[in-house]
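Listed below, chain by chain, are the residues.
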Amino acid sequence: MQTKKFGNNGPQVSVIGQGTWYLDRGDRKTAVAALKRGIDAGMTHIDTAEMYGDAELVIADAIAGRRDELFLVSKVLPSNASRRGTITACERSLKRLKTDRLDCYLLHWRGTYPLAETVAAFDELIAAGKIRSWGVSNFDADDLDELRDVAGEGKIACNQVLYHLRERAIEHAVIPWCEQHGVAVVAYSPFGHNDFPAPSSKGGTVLQSIAEAHQATPRQVALSFLTRLPSVLTIPKASNAEHAAENAAAGTLKLSDIEISALDKALPRGPKPRSLPML
């Protein structure tokens, strides 16, 4: 499994991690088995959020006895992101995950509380040893500018954003901003939300051709393409252990410049949108 540095001051983290949105909707034993298989295969970056229902409880079962192997991330809802509310939400997540610390804690998206309040809470949580770093999710470049002005240069560990083959908006401004300032980009929903290129489509045909050349799958090729840039990691969700193993195998797949160009042509990033897409 390839690894990348997580932000300016972070550790090396698996380039392919594990997302857990909707993880609590299916069979619990299957979900736990998928997470464990992923960890065994090197996907030690696990992402969750208080918004994700009982996902934190499922993760607690999967990581029991293995906490020190992991890079564990959760998120606070904007409605809870006051100074006191952020601390309370973090403590609640720690209890549900059955751990004493998070490796990174994120503001899930921008809300009405001043960023200064949330940042103050993050700093307090770091001082208490309850989180090791903090970041944000769904922040556009202008939001990141404002946050940097509040927190100072070098404090933002990551920005978690929507990024898949049919939604490449972050390539216009967000990825360049993050690379300039040493912020990790974590791509969520890397297969799209029921939006993966159909096999018969132009993009699907190119994916299949490249996959066959590498004895890989189209989804593995997609993950490799998304993480081709030095700042980008991704967190696909797996519904079962077999899918987890498939995702993990993308962590060793390297595409050639020609293959990257072919995908770029077949699935172009498109014009810069007025606002940052999010799910």
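This structure is a prediction, so every number in the text was calculated from the model and none was measured. (Residues numbered from 1 in each chain as written. Predicted model: local features only at pLDDT ≥ 70, side-chain atom pairs only at ≥ 80, totals over all residues. Heavy atoms only, no water.)

Trainee: With reference to specific residues and values, describe the packing of aromatic side chains.
Mentor: Tallying each qualifying case throughout the model produces six aromatic pairs. Ring centres of Trp 21 and Tyr 52 lie 6.1 Å apart, and the angle between their planes is 20 degrees; this geometry places the pair in the stacked category. Taken as a pair, Trp 21 in the loop between β2 (12–14) and α1 (28–40) and Tyr 52 in the loop between β3 (45–47) and α2 (55–63) lie far apart in primary sequence, 31 residues in all. A residue is classified by how much of its surface remains accessible, and Trp 21, at 22% relative accessible area, is partly exposed. (Phe/Tyr/Trp six-rings, centres within 6.5 Å; stacked < 30°, edge-to-face > 60°. Helix = DSSP H or I, 4+ residues; strand = E, 2+ residues; numbered from the N terminus. Buried < 20%, exposed > 50% of the residue type's maximum accessible area, 1.4 Å probe, protein only.)

Trainee: If you had to explain the sheet that holds β3 to someone new, which residues and values would you point to?
Mentor: Strand order across the open sheet formed by seven strands is β3-β4-β5-β6-β7-β8-β9, with parallel pairing between neighbours. One side of each edge strand has no neighbouring strand; the edge strands of this open sheet are β3 and β9 (232–234). When strand polarity is set aside, the average angle formed by the axes of neighbouring strands in this sheet is 25 degrees. The pairing of strand β8 (residues 184–188) with β9 spans three bridges and is parallel. Counted as the bridge partner of Val 185 is Val 232 from β9. Of the strands in this sheet, β7 (156–162), β8 and β9 touch helix α6 (residues 174–181), which is tilted by about 165 degrees from β7. (Pairing = 2+ DSSP bridges. Axes fitted to C-alpha atoms, helices over the stretch in contact; angles between N-to-C directions. Contact = heavy atoms within 4.5 Å.)

Trainee: Describe the side chain of Ser 82, listing the residues and the values that go with them.
Mentor: Along the chain, Ser 82 turns up in the loop between β4 (71–76) and α3 (83–97). On the basis of relative accessibility, which here comes to 14%, the residue Ser 82 falls in the buried class. Beyond its immediate sequence surroundings of up to four residues, Ser 82 is in contact with Tyr 113, Glu 117 and Ala 121.

Trainee: Which residues make up unusual backbone geometry, and what values do they have?
Mentor: Despite not being glycine, Tyr 22 shows a phi value in the positive range, around 70 degrees. Of note, Tyr 22 is situated in the loop between β2 and α1. Judged by its relative accessible area of 32%, Tyr 22 is partly exposed. Residues other than glycine seldom take positive phi values, yet Gln 215 does so here, at roughly 55 degrees.

Trainee: Mind laying out the pattern of salt bridges, listing which residues take part and the relevant values?
Mentor: If charged atoms from side chains of opposite charge come close, those side chains can pair. For the structure on display, the rule yields 22 salt bridges. One salt bridge in this structure joins Arg 83 and Glu 124, with 3.2 Å as the shortest N-O distance. Taken together, the positions of Arg 83 in helix α3 and Glu 124 in helix α4 (residues 115–127) put the pair 41 residues apart, joining distant regions of the chain. The partly exposed category is assigned to Arg 83, whose relative accessible area is 42%. Three or more residues are tied together by salt bridges with common partners; here these are Arg 168, Glu 171, Arg 228 and Asp 264. (Salt bridge = Lys/Arg side-chain N within 4 Å of Asp/Glu carboxyl O.)

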